[in-house]
Amino acid sequence: MGSSPLRLHVPEPKARPGDAPDFALIQVPKVGALPRPAIDESAAELGAYANGLIRVLDDEGHAGSDWNPQLSADELREGLRYMMLTRAYDERMVKTQRQGKTSFYIKSTGEEAIAIAAAMALDERDMCFPSYRQQGLYIKRGCSLVEMMCQVFNNEGDRLKGRQMPIMYSSRENGMFSISGNLGTQFPQAVGWAMASAIKGDTRIAASWIGDGTTAEADFHYAMTFSSVYQAPVVLNVVNNQWAISSFQGIAGGDRATFAARAIGYGMPGLRVDGNDFLAVHAVTRWAAERARANLGPTLIELYTYRAAAHSTSDDPSAYRPKDEASRWPLGDPIERLKRHLIAIGQWSEARHAELAAACDDEVKSALREAESKGTLGSRRDAETIFEDVFKEMPAHLQGQREQLRRSPK
């Protein structure tokens with residue numbers, strides 16, 4: 001019996017360096033195409049939400065749809081300020097890396113709404129399990145810019161004592177779980193924390209963020225299974241920013257189905273949202289949080305966005321995608337879109353925007369001067385710290401080794 005030879009399919013992006021960016025296949029639905037369901041809507045009835053795209057802001061900056069969270073002008077300006085502060089922080093820290101003051105940095109350019117809108121929608125007591133591109137969560141939750149910079153520099157002010165890579169922050173008092181370099185670990189950790197909260201009869205929920213590529217890790221499926229089976233009060237976010245460090249989202253299966261659609265097989269709601277729409281991200285996060293708090297279980301949110309900058313300071317995206325692809329992204333820039341909305345409702349102006357940009361830059365520069373005074377890359381740390389934080393009470397053998405270190409020639 002004859003048959004044609006088998007062929008392996010390897011997904012390829014629509015455009016490579018030298019090609020014209022191609023987003024022709026991206027369908028951008030009208031604002032309001034998906035109405036806001038009740039929080040107790042059956043997951044089985046929400047299939048359209050996993051395959052559509054929830055939007056509130058249109059291209060002219062007008063807010064439509066019953067998803068509109070009806071934030072006040074002050075709240076909108078607050079969101080804009082924190083997004084701009086996050087971008088100013090990113091820009092300044094990349095400059096310090098290029099100056100040789102730190103070894104590594106990762107920007108969140110184009111994804112600021114994902115962190116800031118979520119931080120504003122969640123309760124401040126909720127526990128966050130972020131990945132390495134949600135620095136806006138830390139900034140909005142009140143983490144000190146100086147302390148964040150010290151962690152990037154691994155200097156004497158680093159609360160983690162140089163034991164983490166730059167940008168892997170931690171802030172227990174602000175409800176921020178330590179960032180892990182092992183991608184995906186935070187998903188099952190968030191589910192476990194949420195399950196514990198439910199067991200204790202607490203009122204706090206958990207939220208976690210991973211990238212599209214991390215959905216190919218087993219940790220993603222562990223989290224989905226446990227959260228679904230035990231109806232954990234958790235919000236699980238997949239940031240689909242189109243690109244990992246060099247491979248596009250199709251390698252993780254994004255060409256076959258949306259990432260939100262993976263929720264369907266686990267019997268939980270999957271919501272796909274315009275990640276560059278501040279109002280939509282806020283609304284969807286709040287919906288999922290209200291559902292979790294009402295003991296109705298987990299929600300998977302796919303935040304559809306674009307990584308406008310390099311993956312990290314160790315990456316050159318021009319090697320694998322068109323140079324001008326970011327500027328052609330059909331969903332625009334989150335800061336510009338919220339600015340446009342505020343101007344449209346008469347609550348902002350170009351002059352006030354320029355003033356705020358300058359103020360954010362000044363705030364970041366002031367923090368940087370203080371952080372740099374504590375040291376930058378290459379600054380020495382007391383070697384005795386290697387014995388600390390391992391055991392609650394230091395055992396005798398480590399005490400002996402520490403004494404030996406103290407007696408050794410400097």
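Check the entry above for the structure.
Since we're looking at a predicted model, the values are computed, not measured.

Visitor: I'm lost on the overall build of the chain in this one. Help?
Guide: If you tally the helices and strands in the chain, you get 11 helices and 5 strands. Computed over C-alpha atoms, the radius of gyration of the chain comes to 22 Å, within 12% of the 22 Å expected from 2.2 N^0.38 for 410 residues, which places it in the range of a compact globule. With the principal axes as the frame, the chain shows a C-alpha extent of 70 × 60 × 55 Å. Within the chain, the fraction of its 410 residues that count as buried is 51%. Taking as baseline every contact in the chain between residues at least 6 positions apart, the subset at least 24 positions apart corresponds to 75%. Of the roughly 18,800 Å² that the chain leaves accessible, carbon and sulfur atoms contribute 50%. Across the chain, the centroid of the 48 positively charged side chains sits 4 Å from that of the 52 negatively charged ones.

Visitor: Help me understand the packing of aromatic side chains in this model?
Guide: We describe a pair of aromatic rings using the distance from one ring centre to the other and the angle between the two ring planes. For the structure shown, the criterion picks out 12 aromatic pairs. Across the ring face of tyrosine 304, the terminal group of arginine 272 is positioned such that the distance to the ring centre comes to 4.3 Å.

Visitor: For this particular structure, what's the right way to read the layout of surface pockets?
Guide: Gaps left between atoms show up when a probe the size of a water molecule is rolled over them. Approximately 590 Å³ is the volume found for the largest pocket. Around the largest pocket, the lining comprises 26 residues; the ones closest to its centre are Ile26, Gln242, Gln249, Asp255 and Tyr304. Counted as a void, the second largest pocket has a volume near 300 Å³. What lines the second largest pocket is a set of 20 residues, among which Tyr132, Leu183, Gly211, Gly213 and Thr214 lie closest to the centre. Broken down by element, the lining of the second largest pocket gets its largest block of residues, 3 residues, from strand β2 (residues 206–211).

Visitor: Can you walk me through the environment of aspartate 361 in this structure?
Guide: Position of aspartate 361 relative to the elements: it lies in helix α10 (residues 350–372). Look at aspartate 361 and you get partly exposed, because its relative accessible area is 24%. Once the C-alpha coordinates of aspartate 361 and arginine 87 are considered, the two residues, 274 residues apart in sequence, prove to be 9.2 Å apart. Setting aside chain neighbours within four positions, we find aspartate 361 in contact with Ala88 and Arg92.

Visitor: Would you take a moment to explain the sheet that holds strand β1 (residues 127–129) for this structure?
Guide: Within the open sheet, the 5 strands sit side by side as β1-β2-β3-β5-β4. Their pairing is parallel. The strands lining the two open edges of the sheet, one partner per strand, are β1 and β4 (270–274). Each adjacent strand pair in this sheet contributes to an overall mean axis angle of 20°, direction not counted. The pairing of strand β3 (residues 234–240) with strand β5 (residues 299–304) spans 6 bridges and is parallel. Following the sheet pairing, valine 235 is matched in β5 by threonine 299.

Visitor: Where do I start with the pattern of salt bridges in this structure?
Guide: Think of it this way: side chains of opposite charge can pair up when their charged atoms draw near. Scanning the entire structure with this criterion turns up 31 salt bridges. Across the pair aspartate 59 and arginine 55 runs a salt bridge whose closest N-O atoms are separated by 3.8 Å. A residue is classified by how much of its surface remains accessible, and aspartate 59, at 53% relative accessible area, is exposed. Between aspartate 324 and arginine 328 there is a salt bridge, with the nearest N and O atoms lying 3.2 Å from each other. Judged by relative accessible area, arginine 328 falls into the partly exposed class, the value being 46%. Linked through salt bridges whose partners overlap, the residues forming this network are Arg55, Asp59, Asp274, Asp277 and Arg337.

Visitor: I would appreciate a short explanation of the nonpolar core in the present structure.
Guide: Across soluble globular proteins, nonpolar side chains show a tendency to be buried alongside one another. Residues Trp67, Tyr89, Met149, Ile167, Tyr169, Trp209 and Phe278 are the most contacted members of the largest nonpolar core, which totals 77 residues. Not counting residues up to four positions away in its chain, the partners in contact with methionine 149 are Tyr89, Met93, Val364, Ala367, Leu368 and Ala371. Core analysis: the next-biggest nonpolar cluster, separate from the first, contains 20 residues, Ala206, Phe220, Ala252 and Ala263 among them.

Visitor: I tried to follow the side chain of glutamine 249 on my own but got confused; where do I start?
Guide: Assignment of secondary structure puts glutamine 249 in the loop between β3 and β4. At 3.4 Å, the side chain of glutamine 249 forms a polar contact with the side chain of aspartate 255. When neighbours within four sequence positions are excluded, glutamine 249 is seen to be in contact with Asp212, Asn240, Gln242, Gly254, Asp255 and Phe259.

About the criteria used
- Residues numbered from 1 in each chain as written.
- Predicted model: local features only at pLDDT ≥ 70, side-chain atom pairs only at ≥ 80, totals over all residues.
- Heavy atoms only, no water.
- Helix = DSSP H or I, 4+ residues; strand = E, 2+ residues; numbered from the N terminus.
- Rg over C-alpha atoms; globule rule 2.2 N^0.38 Å.
- Buried < 20%, exposed > 50% of the residue type's maximum accessible area, 1.4 Å probe, protein only.
- Contact = heavy atoms within 4.5 Å.
- Areas by Shrake-Rupley, 256 points an atom, 1.4 Å probe, with all protein chains shown as cover.
- Lys, Arg positive; Asp, Glu negative; His and termini not counted.
- Charge placed at Lys NZ, Arg CZ, Asp CG, Glu CD.
- Phe/Tyr/Trp six-rings, centres within 6.5 Å; stacked < 30°, edge-to-face > 60°.
- Lys NZ or Arg CZ within 6 Å of the ring centre and 35° of its normal.
- 1 Å grid on protein atoms, 1.4 Å probe; cavity = no way out; pocket = protein on both sides within 12 Å on 5 of 7 lines; lining within 4 Å.
- Points joined across faces, edges and corners; volume = space filled by probe spheres on them.
- Pairing = 2+ DSSP bridges.
- Axes fitted to C-alpha atoms, helices over the stretch in contact; angles between N-to-C directions.
- Salt bridge = Lys/Arg side-chain N within 4 Å of Asp/Glu carboxyl O.
- Core = buried A, V, L, I, M, F, W, Y, C linked by side-chain atoms within 4.5 Å.
- Polar contact = N/O pair within 3.5 Å; in protein donor to acceptor, adjacent residues only side chain to side chain.

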